[in-house]
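# Per-entry structural report
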Amino acid sequence: MTFLEFLSPLKRKKWLFLALWAGLSVGLYFFAGFLPQIQKTTIFFTVKPVAVEGKSFVNDGVESAERVAEMIAGWAKDPNFLQAIQDEAGIKVPKLKKKISAKKQNRLNVFWTLKLWGAEAKNSRKLAESLSNVLTETLARINQDSAVPVHITDPQIFIEPLEIPKSWIWATAIILALFFAGFYIYNAESWRGKVSFLPQVKEVFHKTPIFQVAGKIKSHDKRQIDLFLRSFQSPRLISTFPQAGKFFEIYNPNSLVELDTPILLVKLGETTIRELENNRAIFGRNVGIIVFEG
């Protein structure tokens, strides 16, 4: 199947497709306004070395503080540490690991970020304060066995709603609408057992002469169709969709005699696969086919 053949359902029903695409794009954009708001909480602090007698503050202390800062940033992935934060706050946050992150900036600065949706957002400050307490307590335990202890500055907590740019919302809505509109167009015919693509006709009628009409049935080129019909002995048009009777003289299959050649009129999106298979069972391959794609 070529790419153009694959797009034929969209071409046949382009106005329905465009209407669905536009309507769904607008609908999804406004629906996004009802989604729970994301609240972003940032906890910032600096890891500083504590001066110890006999140690170089610059060499030993700063190097030790840098290693601790890196270690603290890694605690965001530690399930035990995250559980300790929730226990301290008395709050259970499902899948907290996916909602919290940490990174080291420069050498000694550490940023923790917490993103909560909807009803969970009310717990942002409590969780941030719990994080600060657990950090301080954990670091105090580490300092007991450390030759070069460090401490953190008072954590600064910033809470703000996370605004998603409207351009991102529009882009997402347009892409999703494109998918859903296309999904409906393609599957609407499939659910009803209709023939959507030319290869489906060829699959039922192997090596059968097929004349293709790209446009709508009402704008067909009568002269070319007549030339196609002349290549058969006593051609008789058999319709597989109701609209054909408005433009062609249709014969009843029961009226055909032995010398007549059935010419099946097929319309993509209208003719059913069952209709094709039934005609194949009745007439075999001694037929001609005219396919209207529009």
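Just so we're clear, the structure is a prediction, and the values are computed from it rather than from any experiment.

It is worth spelling out the pattern of salt bridges at this point. One pass over the full model with this rule turns up 8 salt bridges. Here K104 ties to E66 by a salt bridge, and the two come within 3.9 Å at their closest N and O atoms. On the criterion of sequence distance, the pair formed by K104 in strand β2 (residues 100-105) and E66 in helix α4 (residues 57-74) is long-range, its members being 38 residues apart. By relative accessible area, which is 24% here, E66 ends up partly exposed. Between K99 and E120 there is a salt bridge; the shortest N-O distance is 2.9 Å. Residue K99 is found in the loop between α5 (79-89) and β2, and its partner E120 is found in the loop between β3 (109-117) and α6 (124-144); the two are separated by 21 residues along the sequence.

This part covers the nonpolar core. Of all hydrophobic cores here, the largest spans 30 residues; its most connected members are F45, V47, I72, F81, W112 and L135. Secondary-structure elements contributing two or more residues to this core are β1 (38-49), α4, α5, β3, α6 and β4 (150-152). Ranked by the residues each element gives to this core, the list is headed by α6, at 6 residues.

Now for the packing of helix α3 (residues 14-32) against helix α7 (residues 166-191). Where α3 contacts α7, the axes come no closer than 7 Å and their chain directions differ by 140°. Classified by the angle their axes make, α3 and α7 are oblique. Here α3 and α7 pass one another in a crossing that is right-handed. Residues belonging to the contact of α3 with α7 are distributed by class as follows: 20 nonpolar, 2 polar and 1 charged.

On to a positive patch on the surface. Judged by side-chain charge, K11, K14, K216 and K218 come together as a positively charged surface patch. Note that K218 resides in the loop between β6 (210-213) and α9 (222-229). Its relative accessible area of 62% is what places K218 among the exposed residues.

Listed as buried for helix α10 (residues 273-283) are L276, N279 and F283. Seen along its axis, α10 keeps its buried residues to an arc of 65°; they face one direction. Exposed side of α10, more than 90 degrees from the buried face: R274 and A281 are the residues found there. In the core, the buried residues of α10 are packed alongside α8 (198-204), β7 (235-239) and β8 (261-267). In the stretch just after α10, G284 is the one whose phi turns positive, near 70°.

The rules behind the values
Residues numbered from 1 in each chain as written. Predicted model: local features only at pLDDT ≥ 70, side-chain atom pairs only at ≥ 80, totals over all residues. Heavy atoms only, no water. Salt bridge = Lys/Arg side-chain N within 4 Å of Asp/Glu carboxyl O. Helix = DSSP H or I, 4+ residues; strand = E, 2+ residues; numbered from the N terminus. Buried < 20%, exposed > 50% of the residue type's maximum accessible area, 1.4 Å probe, protein only. Core = buried A, V, L, I, M, F, W, Y, C linked by side-chain atoms within 4.5 Å. Axes fitted to C-alpha atoms, helices over the stretch in contact; angles between N-to-C directions. Parallel < 35°, antiparallel > 145°, perpendicular 65-115°, else oblique. Left-handed = near helix turned anticlockwise from the far one by under 90°. Nonpolar A, V, L, I, M, F, W, Y, C, P; charged D, E, K, R; others polar. Patch = residues over 30% accessible without salt bridge, like charges linked within 9 Å, V, L, I, M, F, W, Y side chains within 5 Å. Areas by Shrake-Rupley, 256 points an atom, 1.4 Å probe, with all protein chains shown as cover. Lys, Arg positive; Asp, Glu negative; His and termini not counted. Charge placed at Lys NZ, Arg CZ, Asp CG, Glu CD. Arc of directions from axis to C-beta. Contact = heavy atoms within 4.5 Å.

These figures capture arrangement, not role.
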